[in-house]
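The lines below spell out each chain.
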Amino acid sequence: MMRACAAPFVLLALLLLPHAALGGAPAYGGLKLDIRPPVGFADATQTAPRLFQATQDEAVPDGVLLRLYLPDDDAQRYAEGRPEEVTRQVSLYAVKDGENQAWDRKALELMARSLEGAWAGYEAVPDEALKDWTALNSALLEAGGAGTPLLLEPIHSEHAEGRVFMQVFGTDAPVAALMATCAVLVNDRVLFVTASSLISDPFPADDAAWVKASAEAFAEALVSAEKK
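Residues numbered from 1 in each chain as written. Predicted model: local features only at pLDDT ≥ 70, side-chain atom pairs only at ≥ 80, totals over all residues. Heavy atoms only, no water.

### Focus: the nonpolar core
By size, the foremost hydrophobic cluster in this structure holds 43 residues, and its most contacted members are Leu140, Leu152, Val184 and Leu191. Per element, the largest residue contribution to this core is 11 residues, and it comes from helix α7 (residues 204–227). Not counting the four nearest positions on each side in its chain, Leu152 is found in contact with Val125, Leu130, Leu136, Leu140, Arg163, Val164, Phe165, Met166, Leu178 and Ala208. Core analysis: the second largest hydrophobic core is formed by 28 residues, Val60, Leu115, Trp119 and Val190 among them. (Core = buried A, V, L, I, M, F, W, Y, C linked by side-chain atoms within 4.5 Å. Buried < 20%, exposed > 50% of the residue type's maximum accessible area, 1.4 Å probe, protein only. Helix = DSSP H or I, 4+ residues; strand = E, 2+ residues; numbered from the N terminus. Contact = heavy atoms within 4.5 Å.)

Here it is, written out as structure tokens:
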């Protein structure tokens, strides 16, 4: 299964990669992928080739990374030669060798259920805490410090199914990232969107809201682009 959840390690790998240029952005299954990013985002597919390659290698080694986006402020930091300060990104990727497989809504729901298996063993945040910003923020800070991965709210829409979660990397000095991954039905193909943000102390609940909103916005932008 594509993991798409290695944000801190992507940044580390980025610093070690040579300054190599990449080819054109990959195509997939006949989709145009002519996406207009939501307001506040920059397409980094061509402008940040090292970050694109690091994301492909570390986050989706078993898939095909198609597009990479950065918030405008992170894109500016990257352009100024400060990649270590990049903390948020959105990736669009697909299953390798899956271009010719047709999907429908029922298959998307089955895919979403299979994705849930990737988070087996994660501790679920209680519904009451999900509805209370202060309680959620405290739960995220406590779990991040303890190195405990968490499962937050699901993502449901007409074209997308997924989940918000917190991934923890390392044990001695754990690094936590809030992430939202969803499978998106585009025409009769399934693509994946993952938004990730390293947690910001002291307000990780804001990061949780950002990844959910970003994943949903890009899922909608992806579907809208293919309707043109």
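### Some remarks on the packing of helix α6 (residues 133–146) against α7
The contact between α6 and α7 brings their axes to 7 Å, and the two run at 100°. When the axes of α6 and α7 are compared, the pair comes out roughly perpendicular. Facing α6, whose interface residues are Trp133, Leu136, Asn137, Leu140 and Leu141, α7 presents Pro204, Ala205, Asp206 and Ala208. A breakdown of the residues in the contact of α6 with α7 according to their chemical character gives 7 nonpolar, 1 polar and 1 charged. (Axes fitted to C-alpha atoms, helices over the stretch in contact; angles between N-to-C directions. Parallel < 35°, antiparallel > 145°, perpendicular 65-115°, else oblique. Nonpolar A, V, L, I, M, F, W, Y, C, P; charged D, E, K, R; others polar.)

### Focus on the packing of aromatic side chains
Overall, the coordinates contain 7 aromatic pairs when judged by the stated rule. Relative to Phe218, the ring of Phe41 has its centre 4.9 Å away and its plane inclined at 85°; by these criteria the two rings are edge-to-face. Of this pair, Phe41 sits in strand β1 (residues 41–43) while Phe218 sits in helix α7, and the two are 177 residues apart along the sequence. Given the relative accessible area of 15%, Phe41 is considered buried. A relative accessible area of 4% means that Phe218 is categorised as buried. Three or more aromatic residues joined by ring pairs make a cluster, and in this case those are Phe41, Tyr69, Trp210 and Phe218. (Phe/Tyr/Trp six-rings, centres within 6.5 Å; stacked < 30°, edge-to-face > 60°.)

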